[in-house]
Amino acid sequence: MNFSTWIPSTGSSPAICTGTHWMPGTGTLIPSYSPVDGKKIGELNSASKVEYEIVIEKAQTAFLHWRKMPAPQRGEVVRQMGEAFRTHKTALGQLVSYEMGKSLQEGLGEVQEMIDICDFAVGLSRQLYGLTMHSERPGHRMYEQYHPLGIVGIISAFNFPTAVWSWNAMIALVCGNVCVWKPSEKTPFCAIACHHIIASVLEKNSVPEGVCNLVVGGREVGEWLAADVRIPLISATGSTAMGKKVAAGVGQRLGRTLLELGGNNAIIITPDADLDIAIRGAVFGAVGTAGQRCTTTRRLIIHESLYETVKQKLKAAYGQLRIGNPLDQQNHVGPLIDTDAVKRYIAAIEACKAEGGRFLVEGAVLSGPDFSSGCYVQPCIAEAMPQYRIVQEETFAPLLYLLSYKTIDEAIAIQNGVPQGLSSSIMTLNLREAELFLSPEGSDCGIANVNIGTSGAEIGGAFGGEKETGGGRESGSDSWKAYMRRQTNTINYSRSIPLAQGIQFDI
Ligand code: UN1
């Protein structure tokens, strides 16, 4: 199958889907251009408040049905969705690569993450466990159970245009929730393709309209979701600036958020590192997805004794990088998402130079027939200082900062000395250094790795980070608890009604 099946050859695509039923939007026109070649993929009219209301009402009604279905049966629907993603892996991976710009291998990897989370969610559908406690009162039983929340709003970013939705949606669905997805308006056709793929599963299983919903639109759709009291949980992935707005909107109504925001991830390379592993991990972490993962390696904290060696090895490795059409498997690095991202990349390079940064590998915007979209840039490396303002920020581009350290405590302080707290790594074969890095005195991030780069987390772990990364955890482990409400139940099967804490109250 070719991905063009999911894109109308002429005219505007419907932007709203409630399962199998599609609706055109009546809002502003959103075109989608590929950063690969600058060509228009398609266009659609964004959802207006009218269509938004229709979707939310459908979702509310659908929840009343979906929550009654036994969780393992919901898991069976998700299992079939996983099968559908397997069937369409190549075409969807190609579309992810073409609309977002990541390499085909990474596009296919993204779809694999979707398949994997479906498998995970199927197993989970039989394991939504609560605890049983011993009551202090005789003839009483006490336990806790988990119930679905209702509508889960999912706001996702362009860089993982399909997988982030699935991490949230598949878990939310087996938990008994219904979903409303607002994808990035930069990658709407990836989202539309996902909904085409799951439609046959929804139909075959007679899943009511309103269980899986898609609402493509601009920032205003995110604002409607954040402010909507009918939506108990908003899971948002994107910049810290966006997350702060969403959190303020949802907090205003005391709703719940699950935030997965910016990262400023570092790898510490110690004198006891296996340098081959360290360089490979650092280069993939820094230039993979053209530096547009929230887990991208942005800082290398290198022991002073190795600094020159690492510099030379990195320079050599960057010299080998092939930049170009990401659908051509010969290439390692594709384009940035759009020319605005290119402007931010240039501004960051200038800011770094202004603060005193020296470039080991110079940045550049590439030109020529293969780079006609204007979105291809040279991955670059700057020697910098940890306290530079630009080093403290997340620039969503392949711009790597080299920092040097003397003691392991200093290295950890540099690693932690940024506002973000997503992913971190140490490259060492020294047990003491590794364990210190993983101890409470070590990395303050949600993800801390040893001898692995900062990106490429597996779906089985809880994914997310601390500080300005937002504190949310999604995907594996017990992240499912964020999508459910906990209820403590105490049952009295005795013939009296004793009070807790031994209180006497005789009447
Ligand atoms: C993101 O960039 O928003 O750990 C998610 C990784 C991927 C997920 C990144 N599994 O790099």
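K.L.:
Quick rundown of a nonpolar patch on the surface? Include the residues and the values.
P.N.:
Judged by side-chain polarity, Leu499, Ile503, Phe505 and Ile507 come together as a nonpolar surface patch covering roughly 510 Å² of accessible area. Position of Phe505 among the secondary structure elements: in the segment after strand S24 (484-492).

K.L.:
Please give an account of the domain arrangement of the protein chain that cites residues and values.
P.N.:
Per the domain assignment, the segments of the protein chain are domain 1 (17-261 + 470-487) and domain 2 (265-459). The distance between the C-alpha centroids of domain 1 and domain 2 comes to 30 Å. Domain 1 puts 31 residues into the contact, and the matching count from domain 2 is 26 residues. Note on domain 1 versus domain 2: buried area summed over both sides is about 2,100 Å², and carbon and sulfur give 58% of it. When the area that domain 1 buries against domain 2 is broken down by residue, the three leading residues are Pro35, Val36 and Glu106, summing to 24%. Across the contact surface, domain 1 and domain 2 share two salt bridges. Among the ionic pairs, Lys186 bridges to Asp338, the shortest N-O distance being 3.6 Å. The interface formed by domain 1 and domain 2 contains nine residue pairs in polar contact (both at pLDDT 80 or more). Listed by contribution, the elements that provide at least two residues to the side of domain 1 that touches domain 2 are helix H3 (89-100) and helix H4 (104-124).

K.L.:
So, the site of the ligand: which residues are in play, and what are the values?
P.N.:
Residues in contact with the ligand, as listed here, are Glu113, Asn159, Phe160, Trp167, Glu260, Arg293, Cys294, Thr295, Ser455, Gly456, Ala457 and Phe463. Contacts to the ligand include Asn159, whose side-chain N or O atom sits 3.0 Å from an oxygen atom. Out of a free accessible area of 320 Å², the ligand has 99% covered by protein chains. Considered class by class, the residues forming the shell around the ligand number five nonpolar, four polar and three charged. Both of domain 1 (17-261 + 470-487) and domain 2 (265-459) provide at least three residues apiece to the shell around the ligand.

K.L.:
Break down the side chain of Glu474 for me, citing the residues and quoting the values.
P.N.:
Here Glu474 shows up in strand S23 (residues 474-475). For the buried residue Glu474, which engages in no salt bridge, the nearest side chain bearing the opposite charge is Arg473, 9.6 Å off. A polar contact of 3.1 Å, which involves the side chain of Glu474, links it to the side chain of Asn168. Apart from the residues within four sequence positions on either side, Glu474 is in contact with Val164, Trp167, Asn168, Ser235, Thr237, Leu258, Glu260, Gly461, Ala462, Phe463, Ser479 and Tyr483.

K.L.:
Before we move on, could you go through the packing of aromatic side chains and cite the residues and values that matter?
P.N.:
Throughout the structure, instances matching the rule amount to eight aromatic pairs. A centroid spacing of 5.4 Å and a plane angle of 55° characterise the contact between Tyr52 and Trp224, whose relative ring orientation is tilted. Within this pair, whereas Tyr52 is found in helix H1 (residues 49-66), its partner Trp224 is found in helix H7 (residues 219-227), the two being separated by 172 residues in sequence. With a centroid separation of 4.6 Å and 10° between ring planes, the pair formed by Trp165 and Trp181 is classed as stacked. With Trp165 in helix H5 (residues 163-174) and Trp181 in strand S9 (residues 178-182), this residue pair connects regions lying 16 residues apart in the sequence. Classification of Trp165 by relative accessible area gives buried; the value is 2%. Taken together through their ring pairs, the aromatic side chains of Phe85, Trp165 and Trp181 make up a single cluster. A cation over an aromatic ring shows up here: Lys102 above the ring of Phe160, its NZ or CZ 3.6 Å from the ring centre. The lysine or arginine in question, Lys353, covers the ring of Phe359, its NZ or CZ lying 5.1 Å from the ring centre.

K.L.:
Tell me about the packing of helix H9 (residues 275-287) against helix H10 (residues 307-320), and please be specific about residues and values.
P.N.:
Where H9 contacts H10, the axes come no closer than 11 Å and their chain directions differ by 55°. Classified by the interaxial angle, the pair formed by H9 and H10 is oblique. Crossing of H9 over H10 shows right-handed handedness. When H9 is examined against H10, the residues Leu275, Ile279, Val283, Ala286 and Val287 are found in contact with a partner set consisting of Thr309, Val310, Lys313, Leu314, Ala317 and Tyr318. Class assignment of the residues belonging to the contact of H9 with H10 gives a composition of nine nonpolar, one polar and one charged.

K.L.:
Any details on the sheet that holds strand S6 (residues 132-133)? Residues and values, ideally.
P.N.:
Pairing between sheet strands relies on hydrogen bonds along the backbone, with the strands arranged either parallel or antiparallel. Taken together, the three strands give an open sheet; going across it, the order is S6-S7-S24, and neighbouring strands pair in antiparallel fashion. Edge positions in the open sheet fall to S6 and S24, since each of these has one partner strand only. Pairing between S6 and strand S7 (residues 140-148): two bridges, direction antiparallel. Each residue of the ladder has a partner; that of Thr132, found in S7, is Tyr143.

What counts as what
Residues numbered from 1 in each chain as written. Predicted model: local features only at pLDDT ≥ 70, side-chain atom pairs only at ≥ 80, totals over all residues. Heavy atoms only, no water. Patch = residues over 30% accessible without salt bridge, like charges linked within 9 Å, V, L, I, M, F, W, Y side chains within 5 Å. Areas by Shrake-Rupley, 256 points an atom, 1.4 Å probe, with all protein chains shown as cover. Salt bridge = Lys/Arg side-chain N within 4 Å of Asp/Glu carboxyl O. Helix = DSSP H or I, 4+ residues; strand = E, 2+ residues; numbered from the N terminus. Domains from an automatic or database assignment. Contact = heavy atoms within 4.5 Å. Buried area = accessible area lost by both parts, 1.4 Å probe. Polar contact = N/O pair within 3.5 Å; in protein donor to acceptor, adjacent residues only side chain to side chain. Near = heavy atom within 4 Å. Nonpolar A, V, L, I, M, F, W, Y, C, P; charged D, E, K, R; others polar. Buried < 20%, exposed > 50% of the residue type's maximum accessible area, 1.4 Å probe, protein only. Lys, Arg positive; Asp, Glu negative; His and termini not counted. Phe/Tyr/Trp six-rings, centres within 6.5 Å; stacked < 30°, edge-to-face > 60°. Lys NZ or Arg CZ within 6 Å of the ring centre and 35° of its normal. Axes fitted to C-alpha atoms, helices over the stretch in contact; angles between N-to-C directions. Parallel < 35°, antiparallel > 145°, perpendicular 65-115°, else oblique. Left-handed = near helix turned anticlockwise from the far one by under 90°. Pairing = 2+ DSSP bridges.

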